[in-house]
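Close look at the chain arrangement
What follows is the residue order along each chain.
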Amino acid sequence: MSDWGPVVIAVVLFVLLSPGLLFQLPGHCNFIDFGNQKTSAVSIVVHSIIYFALIAIFVILIGVHITTGTGDY
């Protein structure tokens, strides 16, 4: 059986937390900009820290598991 939980969580968070895709924290004009498709070095660092924190929470603390297969035959 394969555990796909960490892989799925990592891919979804990577897409959602890409700076400038949905939001950018800190933004160019405001504290938070939505859908501006631009990025900066500071926002990359902030989004990386948020990504690491959420990955640690979901994978280590909560322990999300998505298993495939039914075992031995």
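Residues numbered from 1 in each chain as written. Predicted model: local features only at pLDDT ≥ 70, side-chain atom pairs only at ≥ 80, totals over all residues. Heavy atoms only, no water.

What follows covers the overall build of the protein chain. Regarding its fold elements, the protein chain presents 2 helices and 4 strands. Secondary structure of the protein chain in N-to-C order comes out as β-α-β-β-α-β. In summary, the protein chain has a C-alpha radius of gyration of 16 Å against a globular reference of 11 Å for 73 residues, an excess of more than 25%. Taking the principal axes of its C-alpha atoms as reference, the protein chain extends roughly 60 × 20 × 15 Å. (Helix = DSSP H or I, 4+ residues; strand = E, 2+ residues; numbered from the N terminus. Rg over C-alpha atoms; globule rule 2.2 N^0.38 Å.)

The step from Leu25 to Pro26 runs through a cis peptide bond, and the omega angle for that step is -10 degrees. Not every positive phi belongs to a glycine, and Gln37 is a case in point at roughly 60 degrees. Mapped onto the secondary structure, Gln37 falls in the loop between β3 (33-34) and α2 (41-62). For Gln37, a relative accessible area of 57% gives the class exposed. (Buried < 20%, exposed > 50% of the residue type's maximum accessible area, 1.4 Å probe, protein only.)

A few words on the side chain of Ser43. Positionally, Ser43 belongs in helix α2. A residue is classified by how much of its surface remains accessible, and Ser43, at 0% relative accessible area, is buried. If sequence neighbours within four positions are ignored, Ser43 has contacts with Pro19, Gln24, Leu25 and Pro26. (Contact = heavy atoms within 4.5 Å.)

So, about the UniProt feature "transmembrane region" (unreviewed entry) in the protein chain. UniProt records the feature "transmembrane region" (unreviewed entry) for residues 6-23 and 44-66 in the present numbering. With 61% helix and 6% strand, residues 6-23 has its two end C-alpha atoms placed 23 Å apart. (UniProt positions renumbered as here; feature names shortened; annotations may be inferred.)

What follows deals with the packing of helix α1 (residues 5-16) against α2. For the pair α1 and α2, interaxial distance at closest approach is 10 Å and the crossing angle is 155 degrees. One element, α1, and the other, α2, form an angle in the roughly antiparallel class. In terms of crossing hand, the pair formed by α1 and α2 is right-handed. Counting all contacts with α1, which are made through Pro6, Ile9, Ala10, Leu13 and Phe14, the residues of α2 involved are Tyr51, Leu54, Ile55, Phe58 and Val59. A per-class count over the contact of α1 with α2 returns 10 nonpolar, no polar and no charged. (Axes fitted to C-alpha atoms, helices over the stretch in contact; angles between N-to-C directions. Parallel < 35°, antiparallel > 145°, perpendicular 65-115°, else oblique. Left-handed = near helix turned anticlockwise from the far one by under 90°. Nonpolar A, V, L, I, M, F, W, Y, C, P; charged D, E, K, R; others polar.)

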